[in-house]
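What the coordinates show
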Amino acid sequence: MTLLDAVLSLSEAPARDEALQRILRALAQVTAADALSVLAAAEDGSVGVAAQIGLSPAALGISFRPAEHPRLRRATLAAGPIRFLDPSEPDPYSGWLLGSADEIHPIHACMAVPLRVQGRLAGLLTLDARDPHGLRDLRDEDARVFAALCAGALRLDAGPAPALAPEARRALVSAAGAASGPALRGRSAAMQRIEREIAMLAPLSVPVLVTGETGVGKELVARALHERSPRASRALVIVNCAAIPAQLVESELFGHRKGAFTGATAARAGRFEAAHGGTIFLDEIGELPLSAQAQLLRALQEGEIQPVGEDRARRVEVRVVAATNRDLRREVAEGRFRADLFHRLWVYPICVPPLRERREDIPALCERFAAELAAELGAERVDFTEPALLALTQGAFPGNVRELKNTVERAVLRRTIAEGKSAAGRRLALQREDVDPLEAAASGAPERSGAPLVELVDERLWLGGAPPEEPVEPLAETLERARREAFARAFRAAGGNAATAGRLLGLSRSFAYKEAVRLGLVPAPGPRKR
């Protein structure tokens, strides 16, 4: 990644956030900075993180009020690059640096450059390095060049980028660190219905609750509602409610003032303020504790939030889209979800059906996922043989679209490896054997084609006409039993510690604990003492 790559990010005119990410990648190659970010200025005077490298993913979209942060205030008033040498000044990114939940050590290198467009402040470019001399080799002149590129990128439309050549797409995917998600549109009647519902609801400001199983594409519905609304030019802030520790939920959503609790060394705006004028997507809203649900209800009804530790409420204007894979009616009946919040969200629910109920959408999804990976590999294109596509179309896919995407990508990689040479510039034809044998076994394809039945018995593939003697239970019961056993093993290995068990399972402490309570493995918490 060179300065030329950063310049090309503008000349190729990708979307704003993609261009900013590429510029930061180029800058990271010529500095020893541990964290870099671009903060975009908003009309209310705040600055929000539009792109970043080296910070927690949760930092993206968070906003700051410069008046509350001495370094940010000085940076917005500066004429050029400014280096912060006073260790007594708090760093707004304390606790956000990847690999460290603690405060940044006061003695470290910190730099900011104001981004100006036609004389007006458009945002800030910031750099942090744990090494006190980490930014010594970055000249102010070079910092100005990258700042000018960032300022130019901030002027780009935040909409989707035009089509890119394969080599440009590969560079973009490498720089941005993520590929695009699955397509929302489909041929099925269910997806056409959802398209009509989105078209009707997008211009409105009413709350929307998106329901459906894990992996069906609920976030894509939220993105479509935002991108087709009058709020499209403002922020879409995505919050995974299940990933936030219970004790920090209110602070994350509504912000806090300095000293509000142990570790609150600086005031911080919450996700609702970051989404002011735009949309906030509350994924897995059923995981919110009841105390946060009360605040959320107030935000929906009154347009007000109250940061932790503050006496006065703040006005926010935010469109709320929420999603859940839980039965909220049952959650209300069992006292885990507020009835008034449920009815406030249940204005117009959008139910995204599982993939097994819209199999006619699978071929188009497979083509898209294969084309995306082909662009990364440099392949000319990827085709599906009829047996391969049949196996995919009839697959079980309990993980829905997300699992289908993983399956297609594995198949493309298997075909590339099987042919023993680079995919660059070639056409790949996916064969039946490139699809996972277990997924093919669940597809039902052998039964339709007259081939022998394939079953998995004792961890071996078994071929034959007679079914196993062991009765087959419903898939949901099998998965629930396996889930209970996995959580039980993890909590035994962790000695009952939820944080350790969560790490063993690859989950957050909060989610691991809540799921263990639901499964009856640990006792439910008693009422909070106030």
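Residues numbered from 1 in each chain as written. Predicted model: local features only at pLDDT ≥ 70, side-chain atom pairs only at ≥ 80, totals over all residues. Heavy atoms only, no water.

**Quick notes on the pairing of strand S1 (residues 35-41)**
The condition that has to hold: Only protein chains enter the area calculation, which uses a 1.4 Å probe; residues under 20% of their type maximum are buried, those over 50% are exposed, and those in between are partly exposed. Secondary structure elements follow DSSP: runs of H or I no shorter than four residues count as helices, runs of E no shorter than two count as strands, and numbering proceeds from the N terminus. DSSP calls a pair of strands paired once it identifies at least 2 bridges connecting them.
In terms of burial, S1 is a largely internal element, six of the seven residues being buried. As paired elements, S1 and strand S6 (residues 120-129) share six bridges and run antiparallel to each other. Paired with Leu39 across the bridge in S6 is Leu124. Adjacent in sequence and paired antiparallel, S1 and strand S2 (residues 47-53) are bridged by five residues, among which Gly45 carries a positive phi angle near 95°.

**Brief notes about the packing of helix H19 (residues 498-505) against helix H20 (residues 509-518)**
Stated formally: Geometry is summarised by axes, namely lines fitted to C-alpha atoms with helices restricted to the contacting stretch, and by angles between N-to-C directions that run from 0 to 180 degrees. The scheme is simple: roughly parallel for angles under 35 degrees, roughly antiparallel for over 145, roughly perpendicular for 65 to 115, oblique for anything else. Here, two residues are considered to be in contact whenever any of their heavy atoms come within 4.5 Å of each other. Here the nonpolar group is Ala, Val, Leu, Ile, Met, Phe, Trp, Tyr, Cys and Pro; Asp, Glu, Lys and Arg are the charged ones; every other residue, Gly included, is treated as polar.
Direction vectors running N to C along H19 and H20 enclose 100°, while the axes themselves pass 8 Å from each other. Relative to H20, the element H19 is oriented roughly perpendicular. Along its contact with H19, which presents Ala498, Ala499 and Gly502, the element H20 presents Arg509, Ala512 and Tyr513. Here the residues of the contact of H19 with H20 are counted per class, giving four nonpolar, one polar and one charged.

**Regarding the side chain of Glu515**
The line we're drawing: Whenever two N or O atoms come within 3.5 Å, that pair is a polar contact, provided that in protein one can donate a hydrogen and the other can accept it, and provided that, for residues adjacent in sequence, both atoms are side-chain atoms.
Inspection of the secondary structure assignment puts Glu515 in helix H20. Here Arg518 takes part through its side chain, which lies 2.5 Å from a polar atom of the side chain of Glu515. Once residues within four sequence positions are removed from consideration, Glu515 is found in contact with Arg326, Arg483 and Phe487.

**As for the nonpolar core**
Rules: Put simply, buried Ala, Val, Leu, Ile, Met, Phe, Trp, Tyr and Cys residues joined by side-chain atoms within 4.5 Å make one nonpolar core.
Residues Leu20, Val38, Leu115, Leu125 and Leu127 are the most contacted members of the largest nonpolar core, which totals 32 residues. Elements supplying a minimum of two residues to this core: helix H2 (16-29), S1, S2, strand S5 (109-117), S6 and helix H4 (140-154). Tallying contributions element by element places H4 first for this core, with eight residues. Ignoring anything within four residues of it in the chain, the contact list for Leu115 reads Val38, Arg120, Leu121, Ala122, Gly123, Leu124, Leu125, Ala147, Cys150, Ala151 and Leu154. Listed in part, the 30 residues of the second largest apolar core include Leu253, Phe272, Ile280 and Ala292.

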